[in-house]
Structures are given as C-alpha cells and as structure tokens.
Amino acid sequence: MLTAFARAFQTPDLRKKLLFTLAIIVLYRLGSHIPIPGVSYQNVQICVDAASRGNNSLFGLVNMFSGGALLQITIFALGIMPYITASIILQLLTVVIPRLEALKKEGQAGTAKITQYTRYLTVALAVLQGTGLVATARSGALFPSCPVRDQIVPDQSIFTTVVMVITMTAGTAAVMWLGELITDRGIGNGMSILMFISIAAGFPGALWAIKKSGSLAQGWIEFGTVILIGFVMVGLVVFVEQAQRRIPVQYAKRMIGRRSYGGTSTYIPLKVNQAGVIPVIFASSLLYIPALVAQFSNSDSAWKRWIEAHFVRGDHPYYIATYFVLIVFFAFFYVAISFNPEDVADNMKKYGGFIPGIRAGRPTAEYLSYVLNRITWPGSLYLGLIALVPTMALAGFGGANQNFPFGGTSILIIVGVGLETVKQIESQLQQRNYEGFLR
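In what follows, the accompanying structure is described. It should be emphasised that the depicted structure is a prediction, and the values quoted were computed from it without experimental measurement. (Residues numbered from 1 in each chain as written. Predicted model: local features only at pLDDT ≥ 70, side-chain atom pairs only at ≥ 80, totals over all residues. Heavy atoms only, no water.)

1. Quick look at the overall build of the chain
The cut-off we apply is this: Helix and strand assignments come from DSSP, with helices taken as H or I runs of at least 4 residues and strands as E runs of at least 2, each series counted from the N terminus. Only protein chains enter the accessibility calculation, which uses a 1.4 Å probe. A residue is then buried if its area is under 20% of the maximum for its type, exposed if over 50%, and partly exposed in between. Any two residues having at least one pair of non-hydrogen atoms within 4.5 Å are treated as being in contact. In short, Shrake-Rupley with a 1.4 Å probe defines the accessible areas, and a residue's cover is counted only from the protein chains shown.
The number of helices and strands found in the chain is 19 helices and five strands. Residue burial in the chain is summarised as follows: out of 439 residues, 43% are buried. Once local pairs closer than 6 in sequence are excluded, the contacts in the chain between residues at least 24 apart make up 70%. Carbon together with sulfur atoms contributes 63% to the accessible area of the chain, which is approximately 23,300 Å² in total.

2. Focus: the pattern of salt bridges
Two side chains of opposite charge can pair, provided their charged atoms sit close to one another. What counts here: Any Lys or Arg side-chain nitrogen found within 4 Å of a carboxyl oxygen on Asp or Glu counts as a salt bridge.
Within the structure shown, the criterion is met by four salt bridges. For the salt bridge of E180 with R119, the shortest nitrogen-to-oxygen distance reads 2.8 Å. Note that E180 is positioned in helix α9 (residues 158–185) and R119 in helix α8 (residues 108–139), a separation of 61 residues in sequence.

3. Notes on the nonpolar core
Note the cut-off: Throughout, nonpolar core names a set of buried Ala, Val, Leu, Ile, Met, Phe, Trp, Tyr and Cys residues whose side chains join them through atoms within 4.5 Å.
Counting 88 residues, the largest nonpolar core has I73, F143, I152, L270, V280, Y323 and L412 as the members making the most contacts within it. With sequence-adjacent residues up to four places away left out, Y323 is seen in contact with V280, A283, S284, L287, A387 and L388.

4. Concerning the packing of helix α16 (residues 341–350) against helix α17 (residues 362–387)
The condition is simple: The axes used here are C-alpha line fits, helices contributing only the stretch in contact, and every angle between their N-to-C directions lies in the interval 0 to 180 degrees. Here is the rule for angles: anything less than 35 degrees is roughly parallel, anything more than 145 is roughly antiparallel, 65 through 115 is roughly perpendicular, and the remaining ranges are oblique. If you view the pair so one helix is near and one far, a crossing is left-handed when the near helix is turned anticlockwise from the far one by less than a right angle, and right-handed when it is turned clockwise. Here the nonpolar group is Ala, Val, Leu, Ile, Met, Phe, Trp, Tyr, Cys and Pro; Asp, Glu, Lys and Arg are the charged ones; every other residue, Gly included, is treated as polar.
At a minimum axis distance of 8 Å, the contact between α16 and α17 shows a crossing angle of 135°. Classified by the angle their axes make, α16 and α17 are oblique. α16 and α17 meet at a crossing whose hand is right-handed. Judged by residue contacts, P341, E342, V344, A345 and M348 of α16 engage T364, A365, L368 and S369 from α17. Of the residues belonging to the contact of α16 with α17, the class tally is six nonpolar, two polar and one charged.

5. A closer look at the pairing of strand β1 (residues 244–251)
Looking down a regular strand, the side chains alternate between one sheet face and the other. Stated precisely, the cut-off is as follows: DSSP bridges decide pairing: two strands pair if at least two such bridges lie between them.
In this sheet, strand β4 (residues 265–271) lies alongside β1 in antiparallel orientation, the contact comprising seven bridges. Bridge pairing in β4 links V249 to T266. Inspection of the sheet shows β1 paired to strand β5 (residues 353–354) by two bridges, in the antiparallel sense. By the bridge assignment for β5, Q250 is matched with F354.

6. With respect to the sheet that holds β5
Spatial ordering of the open sheet is given by β4-β1-β5, a layout of three strands whose pairing is antiparallel. Either end of the sheet is taken by a strand with one partner, and the two such strands are β4 and β5.

7. Side note on the environment of Q242
Relative to the elements of secondary structure, Q242 occurs in helix α12 (residues 220–242). Q242 gets classed as partly exposed once you look at its relative accessible area, which sits at 39%. Expressed as a C-alpha distance, the spacing of Q242 and V272, which sit 30 residues apart in the sequence, is 8.2 Å. Dropping the residues within four chain positions of it, Q242 is found in contact with L419 and K423.

8. Focus: the packing of α8 against α9
Across the interface, α8 lies against α9 with an axial gap of 8 Å and an inter-helix angle of 140°. One element, α8, and the other, α9, form an angle in the oblique class. In this structure, α8 meets α9 at a crossing whose hand is right-handed. On the side of α8, the interface is formed by R119, T122, V123, A126, V127, G130, T131, L133, V134 and R138, while α9 contributes T161, M164, V165, M168, T169, T172, M176 and E180. Partitioned by chemical class, the residues of the contact of α8 with α9 number nine nonpolar, six polar and three charged.

9. Examining helix α2 (residues 12–31)
Note the following rule: Expected span, for any helix, means 1.5 Å times one less than how many residues it has. The arc in question is the one spanned by the directions pointing from the helix axis to the C-beta atoms.
Between its first and last C-alpha, α2 extends 29 Å over 20 residues, near the 28 Å set by a 1.5 Å rise per residue. Among the residues of α2, those classed as buried are L14, L18, T21, I24, I25, Y28, R29 and G31. Projected down its long axis, α2 shows its buried positions confined to an angular sector of 160°, all on one face. When the buried face of α2 is taken as reference, the exposed residues oriented beyond 90 degrees from it are P12, K16, V26 and L30.

10. Some thoughts on the packing of aromatic side chains
Both the distance between ring centres and the angle between the ring planes are used here to describe each pair of aromatic rings. Filter applied, for reference: Ring geometry is summarised as follows: Phe, Tyr and Trp rings, the Trp one being its six-membered ring, pair when their centres sit within 6.5 Å, and such pairs are stacked at plane angles under 30 degrees, edge-to-face over 60 and tilted between the two.
Applying the stated rule across the entire model yields seven aromatic pairs. Seen from their ring centres, F282 and F330 are 5.3 Å apart, and the 75° between their planes marks the pair as edge-to-face. Of the two residues, F282 sits in helix α13 (residues 278–296) while F330 sits in helix α15 (residues 317–338), which places them 48 residues apart along the sequence. With relative accessibility at 14%, the residue F282 sits in the buried group. By the ring-pair criterion, three or more aromatic residues cluster together here, those being F282, F329, F330 and F333.

11. Observations regarding α12
Counted at 1.5 Å a residue, the expected span for α12 with its 23 residues is 33 Å, and the 33 Å between its end C-alpha atoms agrees. Residues of α12 that are buried: E222, V226, G230, M233, V237, V240 and E241.

Here it is as structure tokens:
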C-alpha cells in the first residue's frame, strides 16, 4: 500500500491532482472555522463546550455533515447538506416529472441541465436553512442548556440577520464550487470527498471525548474498546459494500457483412446495499421533524412531553423501532425508484442480450425484480443494524453521546467514499504503468 502511495506521487499528472485535492480540502477546513459576522465568538465557544458535555442530538446529523461548523456558526455552517438534499429531491422528481426523466435519458447534455437545476435548488435551500439556523441561534434553541444562549447574536436587527443569511448562502455556494473543482481537476467525486473530510474531522474529538469520559483505567479501556469496535465495523461495512449478485448476460452473435458482432458474455452487478446511505439520511431527517416541532413549541402540552420522552434522546425503544422500520422501508423505496428492471430488460432485448434460461422481455424484468427484492432484504437489515450502533454505544458507554464515531451514517459514508477514491487512484496508476507487449 505504501509503495502504491509513493508511486502515485511519483506520477506527475496524478501528483498534481492529489496536491490540488489536498489544497481544496485545506481551504474547506479553513472556512469551517471562520465565524460569520454578527455572532459572538466567545459565547459560541462557551455553548459548544456545554453541548459537547451534553447530548445535542437534534442537530447532530447536519453538524456531522458540516464537520462541526454548524454549531460553530461559521461561513460554511450549512456545509454540503443543502446540496445533498437538492440532489435527493431532483433524483426523486426525475421519477415523477416526465420532463426531468427525458433530460436524464438525453445523455451528457441532459445531465448538465439537471446539474444546473440542482445548483439553483441548492441555493434556495441554503437561504431557507440559513434563515432557520439564524432564527434558531437568535432564540437560543440551538443550545438549550447553555447559560449564554440568548447572547449568541447580540445584534438582532434585520440588517444583521440578512447579512448572516447571505454569508451562509454564499458559503454553501462556495462549498458547491469547491466540490466541483475537485471533480474536474482533482481525484474522486468532489462532494463525496468534502463529505468524507467533514465526517473524518470529528473523529479525533469524539474519540478523545470517550477517553476523557471513561472511568476504567482513566478511560483507556473504553478508548481501546471503541477502536476495536471501529475496526470490526469497517471490516463488516467493506465486506457488505463490496458484496454483489452478478447476473450473467449473454449477447447473441450477429453477422453484418463478413464480420460477426456480439457473442460476448457479461453480467449485471446488483449490490447487496443498492441504496447506499440514502435510507439512513431519509429516516434520520424524518425523525428530526417531531423533535424540532416540540422544541419550537411554547406550550407544555402532553404531546410535547411524550415526544421529548420518546423521540429526542434516541435511546428509547419507540425511537429505535421506528428508526429501524423507516430505514428498511426507505431502502426498498429508493431501490424501487433508482433501478428499473423493465428498462434494463428492454435495453437487453434491444441489443440482443438475454439471461441464460430466462426469456427476453417481461420474464427478464420479473426475474430481475425477484432477485433485487431478495438481496434488498439483507441490505436493508444491515443498514438498520449499522445505523443503530450509535444508540447501542450510548447505552454501553455512559459518557458517549450520539455522535459515536464508528457507526451509522458516518462509517457508511467514510468507507464508501474511501473505496471509490482508492479505486480511481488505482485505475489511473494501472493506466500509466501498463507495459503492453513491447517495453
């Protein structure tokens, strides 16, 4: 591995891409620590320290995707969350709106148009989320247990509020631009790399917090146990993420003039976890809604107390069961809209392809649906179990909060992005080191 890493930096073109990617990452992390105008930096630090000792689960997912910049209220506070949300919305609308579905089938030109729509929607969502974050910070609801929560935004005039929202929206646009720069001139998918860096940036602090809060041998036993669990989790996620069901496809041989075409054998790779991390994000976002409504409600009603008791901390059996069922449901839902067996069967029939033992056309689509449903069940159950690791960690380690480093969304994204990036580097190395028949 070290030899391949050194060889990557010895290749001039690849070295330039790697250094460019590292420079963008440094710039992104720098922007995650610059506070926006109108915010009291000292009071924010006091509240962040108080939140780290408590359990701020309401904004945990967004804060993780921003690399901790959300609670710091920096220029990159929203991070890439608006872009992720916009991408998911456009992907869902592609199934519903015929115009978007036609654009998707137009190839590169249609994809560029959909990307442009995604940018516009990202800016609109950034304005909406920025306004919500500023309103939350002004009301003190961002840090409910902080003694100076009402002094985070000293100047609550309309002009200051507008400047704060514009700054965070511009920060989101800058993050989107940095991600596209990495995609064009660097290594890997830019947005995925920035997501990877945002999550990995919180690992050292989370691990050290577990060590400080531990009681066995001054916390080193808890620290070592978490590291060991992390290695097991990474191995399990790599094993399942790489697992796939390969359906063989045979193409008929055709004679055109004196030449024969086709006659090749290939396969359709159906991953066990075909939906990726999207079901976990969907389920987490949906479960944030009742907690968010209860937090902004001023009444002391019975329904608010019930929600705070069952759906805020995240370790209640009702929350765990609902979370697990939602992940399984969204896994099947996302696979159903992202993979269309009928389109695959029609394309195979058009180019003379068939699955051995299965007739072309409708029987092929039914067979693909049958196989897809069978492998989606273990994939969805695996997603649900992985997502519940932070909750089990919360019960096992009294001082660990729900931002447990090795579990849930974080480990899925880090392993997935890491594998894809390493594959891209490896493919570029193989292209440059292939000797052929003549040296």
